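Summary of structural features
Given next are the chains, with one letter for each unit.
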Amino acid sequence: MNDKTQDKVKKEENTGYYTNRPSFGNYGPSKLRQKFSRGMTIFVVIAACILFYFALLKLPVLSGIIKELFRVLKPIVYGLAIAYLLNPIVKFVESRLKPVLEKKISSQRKVHGMARGTGIFTAIVILLFVIVALFNMMIPELYGSIRSMVITVPSQLNLLAGRIAEMNSQNTTLSLLLTNILKEGTEYIQTWMRSDLLGRINVVMSNLTVGVINIVSELLNAVIGIIVSIYVLFSKEKFASQCKKIVYAIFRPSQANMILHLTVKSNEMFGGFIIGKIIDSVIIGILCFVGLSLLKMPYTMLVSVIVGVTNVIPFFGPYIGAIPSAILILLTDPKMGIYFIIFIFVLQQFDGNILGPKILGDTTGLSAFWVIFAILLGGGLFGIIGMILGVPTFAVIYYIINMLINHMLEKKKLPVDTTAYGVTSYVDSGGAYVYSEEKNLIKEKGNENANKSTE
């Protein structure tokens, strides 16, 4: 074995075989096509179309079944999500602890068990500590902010109404317009309070009881999910091996390798994006709280929580959180509202240009246009969850399409680099790639002549 082969083997051991893109394979017709006749193939296609048609007719029933399965398996889903988020902490602790234990304990099984158990225990303790600390810090502050908002906002609205009344004395067109708007708004509110308010109070009270039951149910699911995540983290290698075994049993080796490669890439994109975005949002929330505290802004904790949580949504998140927060502060103190807008603008510039790239890097490989496209598409189809997960999901789809296009170009012996398809290049009728240096020189000379004539 030469040095290059040894280096390749070491690299695969460190990074994984499926990190690099495997070959697509070059097989002839499948065994299924060789075995069945043309008539049987047509029959299978027609039968599949009929089944698909009936599946579309029964789509509401199938959707109901899927929702019911999700409701029953919700603790498992929570457990898998928690395990996925805690896995980096477990891996970090395990990698640091294993070398120390190997010097003292000869049994690799005991070393693995102790390191894994310590990593899981540390991750669960950190999770619980963060939850308890957030509740202890946030709930009193949020209660105070909301209570202050309930007390001060009506007085601010009354002050606004008084200013409008002062404008009415001037008998200008604007004052008459505002008077009509205020009159119609007052009549609407009075009618609503007389007719709809009492009926809606009963609905709200009944929904409140259901809401409390739902909250308790979700908390119970979360607790069971934490327990499930412990078992998942303990046996994650076994689960991965079982999935890998099934893939190799069902698919051909080239297809199985491609599926496993896409799984590794999807894990890199989702893990890097989601975990990085959570860390980025936590830091932004803390910086927002510190900055607003120094500026002595009202509703400091409430606004910081809104800004930090909405920052998880790429691109549009800062604006979604900043607009209602700015309105809330403007109602209390217009000058403070302007200061808040300036502060949020500076904070988001710091996040977008310095903090975000440092934490996230180029985890998705998407340009700004495709990021906006993914957010709008995901948000339109699946709401807030779609806005958060739309970017990494679209990044995986983008990677698959790009990989297929590159494979087709490689079969045609054409370059795969996008920059190779500029103005000065083309593919002739024989399928050969041509880079026209002559056109490039003509273009450069034309630019030089234009510059001289300008001078």
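Residues numbered from 1 in each chain as written. Predicted model: local features only at pLDDT ≥ 70, side-chain atom pairs only at ≥ 80, totals over all residues. Heavy atoms only, no water.

1. Brief notes about the packing of aromatic side chains
Remark: the centre distance and the inter-plane angle together describe each pair of aromatic rings, the angle taken between the planes. All told, the structure shown has seven aromatic pairs when counted by the stated rule. A centroid spacing of 6.5 Å and a plane angle of 40° characterise the contact between Phe 394 and Tyr 398, whose relative ring orientation is tilted. You can see Phe 394 and its partner Tyr 398 sitting in helix 14 (residues 368–411), four residues apart, about one turn around the helix. Given the relative accessible area of 14%, Phe 394 is considered buried. What links up through ring pairs into an aromatic cluster is the set Phe 369, Trp 370, Phe 373, Phe 394 and Tyr 398. (Phe/Tyr/Trp six-rings, centres within 6.5 Å; stacked < 30°, edge-to-face > 60°. Helix = DSSP H or I, 4+ residues; strand = E, 2+ residues; numbered from the N terminus. Buried < 20%, exposed > 50% of the residue type's maximum accessible area, 1.4 Å probe, protein only.)

2. Points about the packing of helix 5 (residues 74–104) against helix 10 (residues 253–294)
The contact between helix 5 and helix 10 brings their axes to 11 Å, and the two run at 85°. When the interaxial angle is binned, helix 5 and helix 10 end up roughly perpendicular. Between helix 5 and helix 10, the contacting residues are Tyr 84, Leu 85 and Pro 88 on the first element and Asn 267, Phe 270, Gly 271, Ile 274, Ile 275 and Ile 278 on the second. (Axes fitted to C-alpha atoms, helices over the stretch in contact; angles between N-to-C directions. Parallel < 35°, antiparallel > 145°, perpendicular 65-115°, else oblique. Contact = heavy atoms within 4.5 Å.)

3. Description of the UniProt feature "transmembrane region" (unreviewed entry) in the protein chain
In the numbering used here, UniProt assigns the feature "transmembrane region" (unreviewed entry) to residues 39–56, 76–93, 114–139, 212–234, 270–292, 299–320, 326–347 and 384–405. Helix makes up 100% of residues 270–292 and strand 0%. Its end C-alpha atoms lie 32 Å apart. (UniProt positions renumbered as here; feature names shortened; annotations may be inferred.)

4. Focus on helix 13 (residues 334–360)
Helix geometry: helix 13 is bent most strongly at Asp 351, by close to 45°. Its buried side turned inward, helix 13 meets helix 10, helix 11 (300–310) and helix 12 (317–332). (Bend = angle between axes of the 7 residues up to and from the residue.)

5. Quick look at the pattern of salt bridges
Taken as a whole and judged by the stated rule, the model has seven salt bridges. Between Glu 94 and Lys 98 there is a salt bridge, and its shortest N-O distance comes to 3.8 Å. Taken together, the positions of Glu 94 and Lys 98, both in helix 5 and four residues apart, correspond to about one turn of that helix. On the basis of relative accessible area, Glu 94 is assigned to the buried category, the value being 7%. With relative accessibility at 25%, the residue Lys 98 sits in the partly exposed group. As a salt-bridge pair, Glu 268 and Lys 265 come within 3.7 Å of each other at their nearest N and O atoms. In this pair, Glu 268 and Lys 265 both sit in helix 10, three residues apart, roughly one turn of the helix. The network of salt bridges with common partners includes Glu 94, Lys 98, Arg 116 and Glu 237. (Salt bridge = Lys/Arg side-chain N within 4 Å of Asp/Glu carboxyl O.)

6. Considering the side chain of Ser 229
Within the fold, Ser 229 resides in helix 8 (residues 197–234). According to the relative accessible area criterion, Ser 229 is buried, its value standing at 0%.

7. Quick notes on the environment of Tyr 319
Tracing the chain through its elements places Tyr 319 in helix 12. The exposed category is assigned to Tyr 319, whose relative accessible area is 53%. Here the alpha-carbon distance between Tyr 319 and Val 307, two residues twelve residues apart in the chain, equals 8.8 Å.

8. Observations concerning a nonpolar patch on the surface
A contiguous nonpolar surface patch, about 860 Å² in accessible area, is contributed by Val 61, Leu 62, Ile 65, Leu 69, Phe 70, Val 72, Leu 73, Ile 76, Val 77 and Leu 80. Counting only elements with at least two residues in the nonpolar patch, the list comes to helix 4 (59–72) and helix 5. In terms of residue count, helix 4 provides more of the nonpolar patch than any other element does, six residues in total. Within the secondary structure layout, Leu 80 lies in helix 5. (Patch = residues over 30% accessible without salt bridge, like charges linked within 9 Å, V, L, I, M, F, W, Y side chains within 5 Å. Areas by Shrake-Rupley, 256 points an atom, 1.4 Å probe, with all protein chains shown as cover.)

9. Considering the nonpolar core
Cys 288, Leu 292, Val 303, Phe 340 and Ile 344 are the most contacted members of the largest nonpolar core, which totals 18 residues. Top element by residues in this core is helix 13. It accounts for six residues. When residues no more than four places from it in sequence are discounted, the contact partners of Cys 288 are Ser 304, Val 307, Phe 343, Ile 344 and Leu 347. (Core = buried A, V, L, I, M, F, W, Y, C linked by side-chain atoms within 4.5 Å.)

10. Observations concerning helix 10
Its 42 residues place the ends of helix 10 61 Å apart at the C-alpha level, agreeing with the 62 Å of an ideal helix rising 1.5 Å per residue. Looking at the residues trailing helix 10, positive phi occurs at Lys 296, about 60°. (Expected span 1.5 Å × (residues − 1).)

11. Let's talk about the side chain of His 261
By the element assignment, His 261 lies in helix 10. Owing to a relative accessible area of 0%, His 261 belongs among the buried residues under this scheme. Within the structure, His 261 has its side chain in polar contact with the side chain of Tyr 399 (distance 2.8 Å). (Polar contact = N/O pair within 3.5 Å; in protein donor to acceptor, adjacent residues only side chain to side chain.)

12. A short note on the confidence of the model for the protein chain
Confidence along the protein chain averages 77 in pLDDT terms, with 70% of residues attaining 70 or more. Within the protein chain, the element-level pLDDT minimum falls on helix 15 (residues 437–454), averaging 52, and the maximum on helix 9 (residues 236–250), averaging 91. (pLDDT = per-residue confidence, 0-100.)

13. Some remarks on the packing of helix 10 against helix 14
Viewed as axis vectors pointing N to C, helix 10 and helix 14 meet at an angle of 145°, and their least axial separation amounts to 10 Å. Our pair here, helix 10 against helix 14, has a crossing hand that is right-handed. Residues Met 258, His 261, Leu 262, Lys 265, Ser 266, Met 269, Phe 270, Phe 273 and Ile 274 of helix 10 pack against Ile 388, Leu 389, Val 391, Pro 392, Thr 393, Ala 395, Val 396, Tyr 399, Ile 400 and Met 403 of helix 14. Considered class by class, the residues forming the contact of helix 10 with helix 14 number 15 nonpolar, three polar and one charged. (Left-handed = near helix turned anticlockwise from the far one by under 90°. Nonpolar A, V, L, I, M, F, W, Y, C, P; charged D, E, K, R; others polar.)

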